[in-house]
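If you want the building blocks of each chain, they are given just below.
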Amino acid sequence: MEEFLRPLIVFAATIAVTVTVGLLFDRGLRYLSDHRPDTRLPNLLRRVQLPLQLLLGSLALHATYPLADLDLPQDDLIRNILAAAATMTAAWAVIRVADATADNTLRSYAERTRDITRVRQLRTQLALVRRIITSILVVTTAAVAILLLFPSMRALGTSMLASAGVIGIIAGVAAQSTLSNLIAGLQIAFGDSVKIGDTVVVEGEWGTVEEITLAFLTVRIWDDRRLTMPVSYFNSKPYENWSRGGPEITGTVFLHLDHSTPIPRLRVHLYEYLRNHPDWDGRNWNLLVTDSTPTNIVVRASMSAADADAVWNLRCAVREELLSWLGRNHPHALPKIPTSITESTGAPADPVT
């Protein structure tokens, strides 16, 4: 009877203590969250409860397993499995802690500053650092778990470490593109060329940077398509970043009109329309004749806005308003295509019977 009760008591007591510690940890974080409303970190750290309980449980079972006195032929394998589980849950807990700390840092910084560019830069850096930590922990945890579960591979690991220099050279040559993307991702994260939330024009497509990983950058195009590109592209080829130096931007509208267009009146009407439009930020505007051909003239209207979205809406509204105003008040100013009727001098052909 003792051979059944002893393991049951040991394992039940271990699990009970683990669950109790996890509940006390969650209760303490909840108490701090209620009494420290100035920080969100305790509430965010509640995500760590599950991996923490699994970590404590695997460590406790690994430590108390000899007390169960099972004397099974697989005792070493079971303890190795518990050790590997502890390693993996520890990595999981560290990832959760890093996520919570990064979210709290980003939110606190966003509340302290009004510079949205700085916030986007910090967000990009934290996202890439989080991915690097996750990747390193996953690889390390997998390697440790394999060595614990398969002790016979330890000799193989030792021999691989002895030839690590040669393997590193071979891996570097084979994964040259991957390493270049990784380095480019780090340059983007800690540089200032492009950030999450920036408005860019890449390969003729206009959109917003939605995600930056260690290998790829995703741009959400204006029509909700996603353009995914290697991050090394942004260190080797030119592209437009409309958010660099501030989100303010100046848009232009080109109109092909007749030579009889009343330019001064059109200029006055543009100013009156912009003055009452909510998307115009009031920084600058203009209307100029930029080109002339034998059949028409090219009129350029320019106007400023707070960001790329506002300038797009403003350009469309100005184009529609100017054409409508000319059609109502000066229809002769709209471009015309000269046509004439040509009479045939030849005799009509006989109908086919």
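Figured I'd write up the structure that's included with this text. (Residues numbered from 1 in each chain as written. Predicted model: local features only at pLDDT ≥ 70, side-chain atom pairs only at ≥ 80, totals over all residues. Heavy atoms only, no water.)

### Here's the deal with the pattern of salt bridges
Step number 1: Scanning all chains against the criterion turns up nine salt bridges.
Step number 2: Ionic pairing is found between Asp281 and Arg283, a salt bridge with its closest N-O pair at 2.7 Å.
Step number 3: Accessibility expressed as a relative area gives 30% for Asp281, which makes it partly exposed.
Step number 4: The exposure class of Arg283 is partly exposed, given its relative accessible area of 43%.
Step number 5: Taken together, the shared-partner salt bridges in this structure form one network comprising Glu210, Arg220, Asp224 and Arg226. (Salt bridge = Lys/Arg side-chain N within 4 Å of Asp/Glu carboxyl O. Buried < 20%, exposed > 50% of the residue type's maximum accessible area, 1.4 Å probe, protein only.)

### Examining helix H10 (residues 263-275)
Step number 1: Between its terminal C-alpha atoms H10 stretches 18 Å, which fits the 18 Å expected from 13 residues at 1.5 Å a residue.
Step number 2: Regarding H10, the residues found buried are Ile263, Leu266, His269, Leu270 and Leu274. Viewed end-on, H10 has its buried residues packed into an arc of 130 degrees, placing them on one side of the element. Every exposed residue of H10 that faces more than 90 degrees away from the buried side is listed here: Pro264, Arg265 and Val268. (Helix = DSSP H or I, 4+ residues; strand = E, 2+ residues; numbered from the N terminus. Expected span 1.5 Å × (residues − 1). Arc of directions from axis to C-beta.)

### Observations concerning unusual backbone geometry
For residues besides glycine, phi is generally negative; the peptide bonds are generally trans as well.
Step number 1: Residue Glu203 is not a glycine yet carries a positive backbone phi of 55 degrees.
Step number 2: Turning to its location among the elements, Glu203 is positioned in the loop between strand S1 (199-202) and strand S2 (205-212).
Step number 3: Positive phi outside glycine occurs at Asp224, with the angle close to 75 degrees.
Step number 4: With respect to the helices, strands and loops of the structure, Asp224 is situated in the loop between strand S3 (216-221) and strand S4 (226-230).

### Details of the layout of surface pockets
Gaps left between atoms are located by rolling a probe of water-molecule size over the structure's atoms.
Step number 1: Considering only enclosed or pocket space, the second largest pocket measures out at about 190 Å³ in volume.
Step number 2: Taken together, Trp206, Trp222, Trp242, Ile249, Thr250, Gly251, Thr252, Ala308, Val311, Trp312 and Arg315 make up the lining of the second largest pocket.
Step number 3: For the lining of the second largest pocket, the secondary structure elements donating two or more residues are strand S6 (249-257) and helix H11 (308-329).
Step number 4: Its residues assigned to classes, the lining of the second largest pocket shows seven nonpolar, three polar and one charged. (1 Å grid on protein atoms, 1.4 Å probe; cavity = no way out; pocket = protein on both sides within 12 Å on 5 of 7 lines; lining within 4 Å. Points joined across faces, edges and corners; volume = space filled by probe spheres on them. Nonpolar A, V, L, I, M, F, W, Y, C, P; charged D, E, K, R; others polar.)

### Examining the packing of aromatic side chains
Step number 1: One pass over the full model with this rule turns up three aromatic pairs.
Step number 2: Judged by centre distance (6.4 Å) and plane angle (85 degrees), the ring pair of Tyr271 and Trp280 falls under edge-to-face.
Step number 3: One aromatic cluster in this structure is built from Tyr271, Trp280 and Trp285. (Phe/Tyr/Trp six-rings, centres within 6.5 Å; stacked < 30°, edge-to-face > 60°.)

### Things to note about the environment of Val209
Step number 1: Topologically, Val209 is positioned in strand S2.
Step number 2: Beyond its immediate chain neighbours, meaning those up to four positions away, Val209 contacts Val194, Lys195, Ile196, Gly197, Asp198, Val200, Leu217, Thr218 and Val219. (Contact = heavy atoms within 4.5 Å.)

### Structural notes on H11
Step number 1: The terminal C-alpha atoms of H11 lie 31 Å apart, and with 22 residues this matches the ideal 32 Å at 1.5 Å per residue to within 8%.
Step number 2: Looking at the packing, one finds that the buried side of H11 touches S1, S2, S6, H10, strand S7 (280-292) and strand S8 (297-305).

### Some words on the sheet that holds S6
Two strands in a sheet stick together by hydrogen bonds in their backbones, pointing the same way (parallel) or opposite ways (antiparallel).
Step number 1: Sheet architecture is open: three strands sit in the order S6-S8-S7, paired in antiparallel fashion. Each having just a single partner strand, S6 and S7 make up the two edges of the open sheet. Strand-to-strand twist of the sheet, defined as the mean angle between neighbouring strand axes without regard to direction, takes the value 15 degrees.
Step number 2: Two strands pair when backbone bridges link them, and S7 and S8 are joined in this way by eight bridges, in the antiparallel orientation. Across the sheet, residue Trp280 finds its bridge partner in S8, namely Ala305.
Step number 3: Running at roughly 160 degrees to S7, H10 makes contact with S6, S7 and S8 of the sheet.
Step number 4: Its contacts with the sheet put H11 on S6, S7 and S8, and the angle it makes with S6 is roughly 25 degrees. (Pairing = 2+ DSSP bridges. Axes fitted to C-alpha atoms, helices over the stretch in contact; angles between N-to-C directions.)

Geometric values such as these leave the question of function open.
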